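Reading the structure
Here's the letter readout for the chains.
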Amino acid sequence: MSKKKILLIMHYPPPIHGAAMMGKYIKESQLINEEFDCNYINLSTSIKVDEIGVSGLLKWFRFFSIFFTELKELLFFRPHLVYFTLTAKGLGFYKDALLLLAAKTFGFKTIVHFHNKGVSSNQDSKLNDALYKLVFKNTEVILLAPELYQDVQKYVDEKQVYYCSNGIPAIEKIKIVKNKDKHKKGDTSVLLFLSNLIISKGVLVLLEACKLLKEQGVLFECKIVGGSGDLNETQLLEKISELGLENEVIYLGKKYGEDKIEVFNEASIFVLPTFYDNECFPLVLLEAMQFSLPLVATREGGITSIVNDNKNGFIVSRKDAEDLARVLAIMIEDRKLRRKLGKKSRKNFKKRYTLETFEENLVSILKQSLE
């Protein structure tokens with residue numbers, strides 16, 4: 001029996017971000033490519049991270065190139081299913097909607113995989129409302145977590161929805177420090193923040209919490225890893241100095257490969273106090289789980305599907321340095337608690353968030369959609 005044909009229009013690097021990395025994993029998946037006859041179109045009109053959200057003639061040229069490539073694939077490849085990773089709002093949504101509606105106009109079955117959110121916050125304008133109705137009519141939707149359904153519930157019946165958590169490649173077990181070795185008696189607890197220096201990712205909230213911890217006499221070390229965002233290195237270091245945290249907080253810049261593994265291995269607690277509006281399912285939390293780290297994060301997007309309060313970490317209030325400091329103080333002073341939470345993190349990762357699990361779940365969803 002011949003394989004079902006799927007045209008996958010999605011982001012993959014460059015640039016590197018969560019949706020692009022998942023697109024890369026799909027494109028390179030042996031399982032997915034063995035199960036289906038797949039053709040791929042890169043949906044990215046940005047080549048660098050700083051081009052995201054910025055318009056220009058070159059990006060429009062790239063978009064029309066994507067559009068005509070799609071038309072060619074629809075006419076000659078004739079897929080049984082067209083898979084899109086749709087942008088939920090803004091200029092990216094209008095571009096993606098045009099591509100999706102082209103496939104629907106030609107009568108092709110469509111499925112949308114969201115790696116972002118923002119439909120509910122942008123549905124009040126008449127134009128957006130009309131476009132969302134067209135986009136979601138007779139279109140199935142894949143969401144990363146049940147918490148994200150509320151974003152699309154005005155337009156999508158839950159019977160049209162599949163849930164598929166992201167997954168990441170497993171690192172060789174030999175490279176990961178054992179859980180018990182991360183929380184040795186007498187060791188200084190190491191807090192780790194790993195993200196680009198974006199204010200809405202909560203890096204300044206973390207610094208304020210660190211100041212409170214120091215004032216309370218709590219001993220700790222905080223490592224910040226990531227490239228410049230709306231904060232640069234100079235601004236971050238100035239803030240660290242302003243808060244009197246030069247001895248407690250270290251900025252390490254970007255880390256990749258073995259250096260990144262070393263940073264995770266040295267950490268005791270992973271902290272992501274994000275209030276980023278577009279936050280859905282941070283892959284960095286999955287990375288931290290793989291290294292048996294207890295997690296501290298906020299109730300944003302699908303994070304509460306990853307961080308189970310008081311089981312593998314804690315959920316803290318958004319933009320609340322006092323609440324963050326309170327929880328961190330408890331964890332820093334109780335190494336047995338950290339060990340228990342970290343052990344659960346590792347167990348959850350192996351059960352739910354490996355790349356193999358993601359691939360199997362996505363294949364199952366695509367097969368159901370093609371029935």
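Read on for an overview of the structure.

1. Describing the sheet that holds strand S7 (residues 190-194)
- Pairing in this open sheet of six strands is parallel, and the strands run S9-S8-S7-S10-S11-S12 from one edge to the other. In the strand order of this sheet, the two ends are held by strand S9 (249-253) and strand S12 (313-316), each with one partner. Adjacent strand axes in the sheet meet at a mean angle of 20°, parallel and antiparallel pairs treated alike.
- Alignment of strand S10 (residues 269-272) against strand S11 (residues 295-298), held across three bridges, turns out to be parallel. Note on S11: the bridge partner recorded for Phe270 is Leu295.

2. Observations regarding the sheet that holds strand S4 (residues 110-113)
- Reading across from one edge, S2-S1-S3-S4-S5-S6 is the order of the six strands in this open sheet, with parallel pairing throughout. The strands lining the two open edges of the sheet, one partner per strand, are strand S2 (37-42) and strand S6 (161-163). With strand direction ignored, the average angle separating the axes of adjacent strands in the sheet is 20°.
- Inspection of the sheet shows strand S1 (residues 5-10) paired to strand S3 (residues 81-84) by four bridges, in the parallel sense. Residue pairing in the sheet places Ile6 in a bridge with Leu81 of S3.
- Strand contacts of helix H3 (residues 57-76): S1, S2 and S3, with the helix running at about 165° to S2, the strand carrying the most contacts.

3. Notes on a positive patch on the surface
- Judged by side-chain charge, Lys173, Lys178, Lys180, Lys185, Lys336, Arg339 and Lys350 come together as a positively charged surface patch.
- Topologically, Lys173 is positioned in the loop between S6 and helix H6 (179-182).

4. Digging into the nonpolar core
- With 94 residues, the main nonpolar core has Tyr83, Leu191, Ile224, Phe270 and Leu328 as its most contacted residues.
- With eight residues, the single largest contributor to this core is helix H12 (residues 321-333).
- Ignoring anything within four residues of it in the chain, the contact list for Leu328 reads Leu191, Leu206, Leu213, Ile269, Val271 and Val296.
- The next biggest cluster of nonpolar side chains, apart from the first, holds 36 residues, and it includes Ile41, Ala97, Ala102 and Val119.

5. Remarks on the pairing of S11
- Along S11, one buried face is formed by Leu295 and Ala297 and the opposite face, lined by Val296 and Thr298, is buried too.
- In this fold, S10 hands off to helix H10 (residues 283-290), which returns the chain to S11; that crossover is right-handed.
- Where S11 meets S12, four bridges bridge the pair, whose relative direction is parallel. Looking at the pairing, Val296 lines up with Phe314 of S12.

Thresholds, definitions, all that
Residues numbered from 1 in each chain as written. Predicted model: local features only at pLDDT ≥ 70, side-chain atom pairs only at ≥ 80, totals over all residues. Heavy atoms only, no water. Pairing = 2+ DSSP bridges. Helix = DSSP H or I, 4+ residues; strand = E, 2+ residues; numbered from the N terminus. Axes fitted to C-alpha atoms, helices over the stretch in contact; angles between N-to-C directions. Contact = heavy atoms within 4.5 Å. Patch = residues over 30% accessible without salt bridge, like charges linked within 9 Å, V, L, I, M, F, W, Y side chains within 5 Å. Areas by Shrake-Rupley, 256 points an atom, 1.4 Å probe, with all protein chains shown as cover. Salt bridge = Lys/Arg side-chain N within 4 Å of Asp/Glu carboxyl O. Lys, Arg positive; Asp, Glu negative; His and termini not counted. Charge placed at Lys NZ, Arg CZ, Asp CG, Glu CD. Core = buried A, V, L, I, M, F, W, Y, C linked by side-chain atoms within 4.5 Å. Buried < 20%, exposed > 50% of the residue type's maximum accessible area, 1.4 Å probe, protein only. Right-handed = clockwise from strand over helix to strand, strands pointing away.

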